[in-house]
Amino acid sequence: MNDQVMIISESDVKSLLTLQDAIHLTEKAYSELNAAQSMIFPAVREEIKEYQGIFGIKSSYLIAKKYIGLKAGGFWLGNAAKGKMNHQSTMMLFDAESGEPLCALSANYLTAVRTGAAGAVAAKSLARKDSKIIGIIGAGTQARTQLEGLLATFPVEQVLIYGKTEGKEELLAKEIIEKGYSAAICPSPQELAGQSDIIVTTTPSYAPVLHTSWVKDGAHINAIGSDTRGKRELVIDRKPDKMVCDLWVQSSIMGEFQHGITREELYAEIGEIVNNNKKGRENEGEITLFDSTGLSVQDLEVASFVYEAFKSKFV
Ligand SMILES: NC(=O)c1ccc[n+]([C@@H]2O[C@H](COP(=O)([O-])OP(=O)(O)OC[C@H]3O[C@@H](n4cnc5c(N)ncnc54)[C@H](O)[C@@H]3O)[C@@H](O)[C@H]2O)c1
């Protein structure tokens, strides 16, 4: 074992990783997985009932970069009321050749940025290029990075927000307005869906918050919140023209497609589109849906980038 395992703090990760880096690395992660240049191992996802927690471990292997790694953590619903983040993650990176541990990284910011990047990468190939109105359901940590990713990718003019925690939606609207965009709070998710070009669902909900029949022709949906058995944000009562996920084996067990969607109904995994094996959006009227469950290869691509940047800067 190494004499010393490096520890990379939350503030170091923040200083070394930008959203644009994460977008590029997420695209690479999707592409490599589709080309069998990386491997994902079975995910662990278990409920810690006493503390309203979901604990998970996701791990994978980047073949060319020779890193193995894992992310452990999850989502504790009661944390926000105690002034802590609901989402909590820590990563470990290992040398694939020897199994030696290389570093431990704080991964709360890393997760939020790589998830925002996932939404941007999917929307880049599935949403209309002229998407101007973003509707976001949920106003927490992931909502912010989902928006960052879309603001960096589309000519956004207005953001519509729907949530259920009084004060949170107002705070998010204020932040968006300070960035120079128009923002409004919608009284219902139905109203939000009917007006938006891109709709993002980013709640920890176990009961649907959006019906696909509410969205207008040509809209794209990024379903981000469902990442655990039982969670659900959508009722798919109008079948989208293209249903895409990050990884079927995860999406069908812990993602949005666990609720009655079959493999035959899935159009593609996102890596197939990134690698040009399947087409993204083909016309202005299509309704498209992307379900993200979050992949370990995204975490590893980003964490190994941060590890290498940290070493070259500080070691
Ligand atoms: N796909 C991925 O890769 C990925 C990555 C990280 C987190 N997640 C998941 O995303 C979800 C959100 O995470 P977060 O860190 O932003 O949580 P958060 O607690 O910071 O924010 C959640 C927001 O959703 C709102 N909300 C809850 N139930 C709602 C409902 N029924 N209708 C409307 N709004 C509702 C809350 O008021 C809050 O604003 C969680 O389920 C988390 O596990 C997914």
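Figured I'd write up the structure that's included with this text. In this text, all values refer to a predicted model and were calculated from it rather than measured experimentally.

### Some points on the packing of helix 3 (residues 108-126) against helix 4 (residues 141-151)
- Running from amino to carboxyl end, helix 3 crosses helix 4 at an angle of 45 degrees, the nearest separation of the two axes being 8 Å. One finds that helix 3 runs oblique with respect to helix 4. Every pair of crossing elements has a handedness; the one defined by helix 3 and helix 4 is right-handed. Residues T111, A112, V113, T115, G116, G119, A120 and A123 of helix 3 pack against T141, Q142, T145, Q146, G149 and L150 of helix 4.
- Counted by class, the contact of helix 3 with helix 4 contains five nonpolar, nine polar and no charged residues.

### Quick word on the pattern of salt bridges
- On inspection of all chains with the given rule, the structure shows 21 salt bridges.
- A salt bridge links K174 to E178; its shortest N-O distance comes to 3.5 Å. Residue K174 and its partner E178 are located together in helix 5 (residues 168-178), separated by four residues, close to a single helical turn. Neither K174 nor E178 differs from the other in exposure class; each is exposed.
- K242 serves as the salt-bridge partner of E286, at 2.7 Å between the closest nitrogen and oxygen. Note that E286 is positioned in the loop between helix 8 (270-274) and strand 17 (288-291) and K242 in strand 15 (residues 242-245), a separation of 44 residues in sequence.
- Relative accessible area serves as the criterion here: at 8%, E286 is assigned to the buried category.
- By sharing partners, the salt bridges in this structure join R128, D130, D197, K216 and E284 into a single network.

### Comments concerning the site of the ligand
- Taken together, 28 residues lie near the ligand, and N86, Q142, T165, D227 and K231 sit nearest.
- A distance of 3.0 Å separates an oxygen atom of the ligand from a polar backbone atom of A139.
- Taking T141, its main chain carries an N or O atom lying 3.0 Å from an oxygen atom of the ligand.
- Summarising the interface, the protein chains cover 93% of the accessible area of the ligand, which totals 870 Å² for the free molecule.

About the cut-offs
Residues numbered from 1 in each chain as written. Predicted model: local features only at pLDDT ≥ 70, side-chain atom pairs only at ≥ 80, totals over all residues. Heavy atoms only, no water. Axes fitted to C-alpha atoms, helices over the stretch in contact; angles between N-to-C directions. Helix = DSSP H or I, 4+ residues; strand = E, 2+ residues; numbered from the N terminus. Parallel < 35°, antiparallel > 145°, perpendicular 65-115°, else oblique. Left-handed = near helix turned anticlockwise from the far one by under 90°. Contact = heavy atoms within 4.5 Å. Nonpolar A, V, L, I, M, F, W, Y, C, P; charged D, E, K, R; others polar. Salt bridge = Lys/Arg side-chain N within 4 Å of Asp/Glu carboxyl O. Buried < 20%, exposed > 50% of the residue type's maximum accessible area, 1.4 Å probe, protein only. Near = heavy atom within 4 Å. Polar contact = N/O pair within 3.5 Å; in protein donor to acceptor, adjacent residues only side chain to side chain. Areas by Shrake-Rupley, 256 points an atom, 1.4 Å probe, with all protein chains shown as cover.

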